[in-house]
Structures are given as structure tokens and as C-alpha cells.
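# Commentary on secondary and tertiary structure
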Amino acid sequence: MTILLLFLILSLGSFALLSKDLLHSVIALSALSMLSALMFTMLKAPDVAITEAAVGAGISTIIFVWAIRHTRRRSKD
Amino acid sequence: MTDFILQAMLVMLMLFAVGTLLRLLLGPTASDRLVALNVLSAVSLALLVLWGIKVGRALYLDVALVYDIFGFLGFLAITRFLKDRKEN
């Protein structure tokens, strides 16, 4: 089950890198931090998972959205 | 018997997570991806609670609690961004 989670996290990370739209990348990063919190829980590290859920899913998503409000959303190339 | 049922629920929820993730990766618009992210968060919340029940420690339920509170704030920020985007 950990192997499957690792493949899902890998696909989400490569999608966040390759996407042309910044908002789609932010959504993929939010899902990535959620699945990594799940993986930390399954690897018996619940304190790391609590920190990852608070910082990765909540705070970093809000900060990323707040930052791309001041830029153009789509890249030209 | 209880172990078998818990294991079967974990496998089924993992399959649901994979199906939702396909929509998150392929969905054409941002709204599709946002709804897929919301469903994926519900599925992974159920996975966290099930894992806590399977291991039998109450500390594992705190992860689900904290994720539920802060994940909702993140979705709220993305939805607000989409609303401002529509008005412009």
C-alpha cells in the first residue's frame, strides 16, 4: 500500500511541475501534501503527519493562492 | 473477521482514491480539479480514521482532525480565487 501511495505522490508531483496553469499546480500540490500526510501516518509517524497536514494542506495552499493572485495565471509558452 | 473487513475497506478506499486522482490529473477545467480534490480529501480522511481504528491508537485520529480543519481553509482560498477570476 505504501508503494501505491508513492506512485500516486510521484504522479502528482510531476503533474505539478509540468502543468501550464499555476492554479492546477496548486491543486495538485494540495493533493500531494494530503497523500504524504496519509503516508506518514501509515509509516507510524503521526506527529510528522499532523505537521504536514497543518502546514502542507492549509497554510501553503493559502500562501500559494495569495501569491498567484498577483501574477498572470497561465504561462505563454 | 473485523481485521478482514477493515483490510477490505482500506483496499476499496485506495481504489477510490486512484479513481479520483485520475479526474484530478485529467480534468479539463479548474472546477473539475477542485471537486476532485474535495472528494479525494474526504476519501483520505476516511482512510486516516480507518487506519487509526486498525492500529488502535487515539493519536492517529488527531491527524484526521487537523487535516479536516486546515484542508477546508485551503479549499476556501482556492474557491475564493476562482470567484474573483470569474468576475474579472
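Residues numbered from 1 in each chain as written. Chains lettered and ligands numbered in written order. Predicted model: local features only at pLDDT ≥ 70, side-chain atom pairs only at ≥ 80, totals over all residues. Heavy atoms only, no water.

Looking up chain B in an unreviewed UniProt entry gives the name pH regulation protein F, with the organism given as Sphaerochaeta halotolerans. Quoted straight from UniProt, the Sequence similarities (unreviewed entry) entry for chain B says "Belongs to the CPA3 antiporters (TC 2.A.63) subunit F family." In its Subcellular location (unreviewed entry) section, UniProt records this for chain B: "Cell membrane". (UniProt positions renumbered as here; feature names shortened; annotations may be inferred.)

An unreviewed UniProt entry lists chain A under the name DUF4040 domain-containing protein, with Sphaerochaeta halotolerans as the source organism.

Residues and elements named next belong to chain B. Taken from the UniProt record, the annotation "transmembrane region" (unreviewed entry) applies to residues 6-26, 33-53 and 59-82. Secondary structure over residues 33-53 splits into 100% helix and 0% strand, and the C-alpha atoms at its two ends are 30 Å apart. Across residues 59-82, helical content stands at 100% and strand content at 0%; the span's end C-alpha atoms are separated by 36 Å. (Helix = DSSP H or I, 4+ residues; strand = E, 2+ residues; numbered from the N terminus.)

Spanning 17 residues, helix H1 (residues 2-18) of chain A covers 24 Å between terminal C-alpha atoms, matching the ideal 24 Å at 1.5 Å per step. Among the residues making up H1(A), those that are buried are Leu5(A), Leu8(A), Ile9(A), Leu12(A), Phe15(A) and Ala16(A). The buried residues of H1(A) occupy an angular sector of 125 degrees when projected down its axis, which confines them to one face. In this structure, H1(A) carries Ile3(A), Phe7(A), Leu10(A), Leu17(A) and Leu18(A) as exposed residues pointing more than 90 degrees from its buried face. For H1(A), the secondary structure elements touched by its buried residues are helix H2 (22-42) of chain A together with helix H1 (2-26) and helix H2 (30-55) of chain B. (Expected span 1.5 Å × (residues − 1). Buried < 20%, exposed > 50% of the residue type's maximum accessible area, 1.4 Å probe, protein only. Arc of directions from axis to C-beta. Contact = heavy atoms within 4.5 Å.)

Considering every residue of chain A, the mean pLDDT works out to 87; 94% of them sit at 70 or more. Here helix H3 (residues 46-68) of chain A is the element of chain A with the lowest mean pLDDT, 88, and H1(A) is the one with the highest, 91. (pLDDT = per-residue confidence, 0-100.)

Taken residue by residue, the interface counts 33 residues in chain A and 36 residues in chain B. Buried area between chain A and chain B, both sides added, is near 3,200 Å², and the carbon and sulfur share of it is 84%. Three residues stand out in chain A for area buried against chain B, namely Met1(A), Ile27(A) and Met34(A), and they jointly supply 18% of the buried area on that side. At the boundary of chain A with chain B, the tally comes to 0 salt bridges. Taken together, chain A and chain B are joined by 1 residue pair in polar contact (both at pLDDT 80 or more). Looking at which element gives the most residues to the side of chain A that touches chain B, the answer is H3(A), with 12 residues. Among the residues making up the side of chain A that touches chain B, the classes are represented as 24 nonpolar, 6 polar and 3 charged. (Buried area = accessible area lost by both parts, 1.4 Å probe. Salt bridge = Lys/Arg side-chain N within 4 Å of Asp/Glu carboxyl O. Polar contact = N/O pair within 3.5 Å; in protein donor to acceptor, adjacent residues only side chain to side chain. Nonpolar A, V, L, I, M, F, W, Y, C, P; charged D, E, K, R; others polar.)

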